[in-house]
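# A structural walkthrough
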Amino acid sequence: MHGAGALIIREAKEADAEAVRSIYSHHVLHGTATYDIDPPPLEYMRDKIRHVCEAGWPFIVAEIEGDVAGYAYATQFRDRAAYRFTAEDSIYVHPEMTGRGVGKALLKALVERSAEGGFKTIIAVIGGAEPASIAVHAALGFEEVGRLKAVGWKKEDWLDSVYMQLMLGGEGAGVAPAALD
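Throughout what follows, the structure given in this document is the object of discussion. Given the structure is predicted, the values throughout are model-derived calculations rather than measurements. (Residues numbered from 1 in each chain as written. Predicted model: local features only at pLDDT ≥ 70, side-chain atom pairs only at ≥ 80, totals over all residues. Heavy atoms only, no water.)

## Notes on the layout of surface pockets
Note the threshold: Detection works on a 1 Å grid of protein atoms alone, calling trapped sets that fit a 1.4 Å probe cavities and calling open sets with protein on both sides within 12 Å along at least five of seven lines pockets, with lining residues defined by an atom within 4 Å of a point. Grid points are joined across faces, edges and corners, and a volume is the space filled by probe spheres set on the points. The helix and strand labels rest on DSSP assignments: H or I over at least four residues marks a helix, E over at least two residues marks a strand, and numbering proceeds from the N terminus.
Estimates place the volume of the largest pocket at around 980 Å³. Residue lining of the largest pocket: 42 residues in total, with Ala-33, Ser-90, Ile-91, Tyr-92 and Ser-133 positioned closest to the centre. Of all the elements, strand β4 (residues 86-93) adds the most residues to the lining of the largest pocket, at six residues.

What follows is the structure, encoded as structure tokens:
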């Protein structure tokens, strides 16, 4: 990973699946942000990118000098119809690129695309109550709205999950869409 060039945020493509899988696998094996224990196969990541994009939700990558430095996507928070305007974000940064603003740039772009795509609120479910992830979300206006204590067992420890939320759309956030009136 180079890291000296300009950061470009772009839409993910299926061709990014290997880079996305590699980044995610690192976090699965070495971190607590995800509660997965085993890294997923490449086809799983291809399917994930395809599914998110086909649903019309944002899936983006941060690229530096042609290398994927991180990725982020938003999906519907839960699969029930009433949640269709609520997103959950996921953000993962290449281990050599942490602490360089990649996560913040990805989250900012993801928030913008999520609002444009019709989501009214974004929920961050922060596994392991990771301080860096909490800080990035707070810097962009997310507020902590809850904590589930000792819900994950990983790395020989019980882990909390922190819920943070950002309302999108300014004054219109929380108001029923006109199409549903």
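Having seen it, we continue.
## Focus: the pattern of salt bridges
Rules: Each reported salt bridge corresponds to a side-chain nitrogen of Lys or Arg within 4 Å of a carboxyl oxygen of Asp or Glu.
Per the counting criterion, the structure on display carries 11 salt bridges. Asp-160 is paired through a salt bridge with Arg-147; the nearest N and O atoms lie 3.0 Å apart. Of this pair, Asp-160 sits in strand β7 (residues 157-167) while Arg-147 sits in strand β6 (residues 143-154), placing them 13 residues apart in sequence. Several salt bridges share partner residues, and in doing so they unite Glu-14, Glu-43, Arg-46, Asp-47 and Arg-50 into one network.

## A few points about unusual backbone geometry
Definition in use: Exposure classes here rest on a 1.4 Å probe applied to the protein chains alone. A residue is buried below 20% of its type maximum, exposed above 50%, and partly exposed in between.
Its identity as a non-glycine residue notwithstanding, Glu-65 has a phi of 50°, on the positive side. For Glu-65, a relative accessible area of 43% gives the class partly exposed. Phi is positive for Glu-156, which is not a glycine, with a value near 60°. Looking at the secondary structure, you find Glu-156 in the loop between β6 and β7. Note on Glu-156: relative accessible area 67%, which makes it exposed.

## So, the packing of helix α3 (residues 102-116) against helix α4 (residues 131-139)
Filter applied, for reference: Helix axes are fitted only over the stretch in contact, all axes being lines through C-alpha atoms; the angle between N-to-C directions runs from 0 to 180 degrees. Angular relationships are summarised with four words: roughly parallel below 35 degrees, roughly antiparallel beyond 145, roughly perpendicular across 65 to 115, and oblique for the angles in between. We call a crossing left-handed when the near helix sits turned anticlockwise from the far one by less than a right angle, and right-handed when that turn is clockwise. Contact criterion: two residues are considered in contact whenever any of their non-hydrogen atoms come within 4.5 Å of each other. Asp, Glu, Lys and Arg are counted as charged, while Ala, Val, Leu, Ile, Met, Phe, Trp, Tyr, Cys and Pro are counted as nonpolar; the rest, among them Gly, fall into the polar class.
For the pair α3 and α4, interaxial distance at closest approach is 10 Å and the crossing angle is 45°. Relative to α4, α3 is oriented oblique. The way α3 lies across α4 gives a crossing that is right-handed. Between α3, through Gly-103, Lys-104 and Leu-107, and α4, the contact on the second element is made entirely by Val-136, His-137 and Ala-139. Looking at the contact of α3 with α4 residue by residue, the classes come out as three nonpolar, two polar and one charged.

## Remarks on the side chain of Arg-10
Along the chain, Arg-10 falls in strand β1 (residues 7-11). Given a relative accessible area of 17%, Arg-10 falls into the buried group. The contact partners of Arg-10, leaving out residues within four places of it in the chain, are Asp-16, Phe-59, Ile-60, Val-61, Glu-63 and Val-68.

Purely geometric numbers; function is a separate question.
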